[in-house]
Amino acid sequence: MKSIIQVWMSSVLVLVIGAHVATAQKIDDERMRRDISVAENVLGTLIKQQFSNQRTFFQLEIKGNYQQGYGVTFSLPADYTTPIAFTLGSGNGVVVYSDEFEEPATIDIRGSEDGSDDRAVVNGRNTYKLKEKTKGRTRGVDMDSIRDAYNLKVIEAAKEFILDYSDMISQLGPQERIVVTNQGNQPRAWVGQYFNAPNRTHLSIEALKSDIAQYKAGKLTRVQADAKIKVVNTESTNAVEPDLELLSSIFSRLYRVDLSKTYFTEENIYYERLKDYGVIYYMQVYSSSERDYKRFDMPTLNLQDVDQATRNKKVGELYPAFERELKENVLEYGKTVKSLKDDEVLIFQVRLTRCASCGIPSSLEISVKGSVLKDVNAGKLDKNAALAKLIVKKGENQ
């Protein structure tokens, strides 16, 4: 039986730890937003400086987001923002940013089949003859080398940013991360439907705040600090793996209206296999359908013709259950995936139902190592232990 002193000391320790945690978790939101905004500008400038020999440069949109306990993620647009870059354009053209033209423009490539007389019709008006060195690049394999060179420049700029400037985000905890990624806000799998780009790349440059603090304090050399930065530079593959197809079909069925009790999906769930990294599944979920102006049906709750306020209240109430269930489903059904290596990851990226001022994030990402899924399948990890190994990232609140 514990003595009174032991009980008292334990209580004091709990109070001290609780006070410490509460203090550590207190974040000045306004200051964090300011720091991230400045950091976005710095990172964008460093990337642009990597291409200083170009006469023009695309408008680079970088979005930083802080998640307490995880860190700050700076998202760049996906592959179609490169020195010669694609975005959705008007008509049958694509938007090209290149030193071939004086400004970003929507173009069509026209000319002979062998490319001997290729011309670019810019904005449907002006016609330019493409230089010899760039003929065919917009539709040939040369785009791969351009993309790869671009990615290396982004990696160098991201490393410089992390080592020299990320400490301006002063409120990060020691185990929180600074991440630069090209995941952006556009679903990469859907972007691939518009462009013939089967080998899309996945970039992630990541460091712990504690490592940066040691470098700034002189406890690590620049070479040592650079070595602690985790860099992922890989690309998607076209290999068809039956277990990945199966998991896609399982989740596509689980989140249909008749089975889901929270949010639901109306489309198939697409996935992207990344070489030596893992697999990413893309989901878009909804909470309701609008039947009339600000009148909604919520099929998973069997509610019809509810007003905006009722709908928003229900959306907020459903989110915790949706997140909890998604985590459980990732573990329960993710263990059916046999093709992942131990150090590869299974990721679900979810774009959430739109609900302004509902207090729910704009996106949710759940990731788990292949080794964890194998341990769950073998009975080496129970549910609670496995759930603790999931990594959860959330977008900004809507």
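Colleague: It is not clear to me how the overall build of the protein should be interpreted in this structure. Could you clarify?
Modeller: Counting secondary structure elements, the protein contains 10 helices and 17 strands. The buried share of the protein, taken over its 398 residues, is 46%. A total of about 21,300 Å² of accessible surface is found on the protein, and carbon and sulfur atoms cover 50% of it.

Colleague: Explain the nonpolar core here, please?
Modeller: Here is a general trend for soluble globular proteins: nonpolar side chains tend to be buried in one another's company. Phe-251, Leu-326 and Leu-346 are the most contacted members of the largest nonpolar core, which totals 41 residues. No other element matches helix H8 (residues 308-334), which puts seven residues into this core. Beyond its immediate sequence surroundings of up to four residues, Leu-346 is in contact with Leu-247, Val-279, Tyr-281, Val-330, Gly-334, Leu-340, Ile-366, Ser-367, Val-368 and Leu-373. Listed in part, the 35 residues of the second largest apolar core include Ile-36, Ala-39, Tyr-66 and Ile-162.

Colleague: Would you mind showing me how to read the pattern of salt bridges here?
Modeller: Per the stated rule, a full pass over the model turns up 20 salt bridges. The shortest N-O distance in the salt bridge between Arg-177 and Glu-206 comes to 3.2 Å. Residue Arg-177 is located in strand E7 (residues 177-181), and its partner Glu-206 is located in strand E8 (residues 201-208); the two are separated by 29 residues in the primary sequence. Judged by relative accessible area, which is 19%, Glu-206 ranks as buried. Linking Glu-235 and Lys-275 is a salt bridge whose minimum nitrogen-to-oxygen distance equals 3.8 Å. With a gap of 40 residues between them, Glu-235 in strand E9 (residues 230-235) and Lys-275 in the loop between strand E10 (270-274) and strand E11 (278-284) connect regions that are remote in the sequence. Within the structure, one salt-bridge network assembled from shared partners comprises Glu-241, Arg-273 and Glu-344.

Colleague: Is there a simple way to think about the sheet that holds strand E13 (residues 295-298) in this case?
Modeller: Note on sheets: strands pair through backbone hydrogen bonds, and any given pair is parallel or antiparallel. Taking strand neighbours across the sheet as the criterion, the three strands line up as E12-E13-E14 in an open arrangement whose pairing is antiparallel. Each edge of the open sheet is held by one strand with a lone partner, namely strand E12 (289-292) and strand E14 (303-307). Taking each pair of neighbouring strands and ignoring which way they run, the sheet shows an average axis angle of 35 degrees. One ladder, built from three bridges, connects E12 with E13; its direction is antiparallel. When the bridges of E13 are listed, Asp-292 appears paired with Arg-295. Here H8 sits on the sheet in contact with E13 and E14, set at roughly 115 degrees to E14.

Colleague: Teacher, can you tell me more about unusual backbone geometry here?
Modeller: For residues other than glycine, phi is negative in most cases, and the peptide bonds are mostly trans. A positive phi angle, near 55 degrees, is found at Asn-302, a position not held by glycine. Its location among the elements puts Asn-302 in the loop between E13 and E14. One non-glycine residue, Ser-357, lies in positive phi territory at about 65 degrees. Take Ser-357: it is sitting in the loop between strand E15 (345-351) and strand E16 (363-369). Ser-357 gets classed as exposed once you look at its relative accessible area, which sits at 72%.

Colleague: Which parts of the structure should I look at to understand the packing of aromatic side chains?
Modeller: The relation between two aromatic rings is expressed through the spacing of the ring centres and the mutual angle of the planes. Using the criterion set out here, one finds nine aromatic pairs in the structure. Centroid distance Tyr-263 to Phe-322: 5.0 Å. Interplanar angle 40 degrees. Geometry classified as tilted. Here Phe-322 lies in helix H8 and Tyr-263 lies in the loop between helix H7 (242-254) and E10, a separation of 59 residues in the sequence. The exposure classification of Tyr-263 matches that of Phe-322, with both residues buried.

Colleague: Explain the environment of Leu-390 here, please?
Modeller: Topologically, Leu-390 is positioned in the loop between helix H10 (383-387) and strand E17 (391-394). Each C-alpha atom, one on Leu-390 and one on Ser-367, is 5.8 Å from the other, the two residues being 23 residues apart in sequence. The residues contacting Leu-390, other than those within four sequence positions of it, are Lys-327, Leu-331, Ile-366, Ser-367 and Val-368.

Colleague: Please clarify how the sheet that holds E17 should be interpreted in this entry.
Modeller: In space, the five strands of this open sheet follow the order E10-E11-E15-E16-E17, with mixed pairing throughout. Both edges of this open sheet fall to E10 and E17, since each of them pairs with a single strand only. Along the sheet, successive strands turn relative to each other by an average axial angle of 15 degrees, direction set aside. Two elements, E16 and E17, share four bridges in a ladder whose sense is antiparallel. Looking across to E17, one finds that Leu-364 is bridged to Lys-394. Those strands touched by H8 are E11, E15, E16 and E17, and its axis lies near 30 degrees from that of E16. Packing against the sheet, helix H9 (residues 370-377) makes contact with E15 and E16, and its axis sits at approximately 70 degrees to E16.

Procedures and definitions
Residues numbered from 1 in each chain as written. Predicted model: local features only at pLDDT ≥ 70, side-chain atom pairs only at ≥ 80, totals over all residues. Heavy atoms only, no water. Helix = DSSP H or I, 4+ residues; strand = E, 2+ residues; numbered from the N terminus. Buried < 20%, exposed > 50% of the residue type's maximum accessible area, 1.4 Å probe, protein only. Areas by Shrake-Rupley, 256 points an atom, 1.4 Å probe, with all protein chains shown as cover. Core = buried A, V, L, I, M, F, W, Y, C linked by side-chain atoms within 4.5 Å. Contact = heavy atoms within 4.5 Å. Salt bridge = Lys/Arg side-chain N within 4 Å of Asp/Glu carboxyl O. Pairing = 2+ DSSP bridges. Axes fitted to C-alpha atoms, helices over the stretch in contact; angles between N-to-C directions. Phe/Tyr/Trp six-rings, centres within 6.5 Å; stacked < 30°, edge-to-face > 60°.

From the geometry alone we can't say anything about function, so treat these as descriptive.
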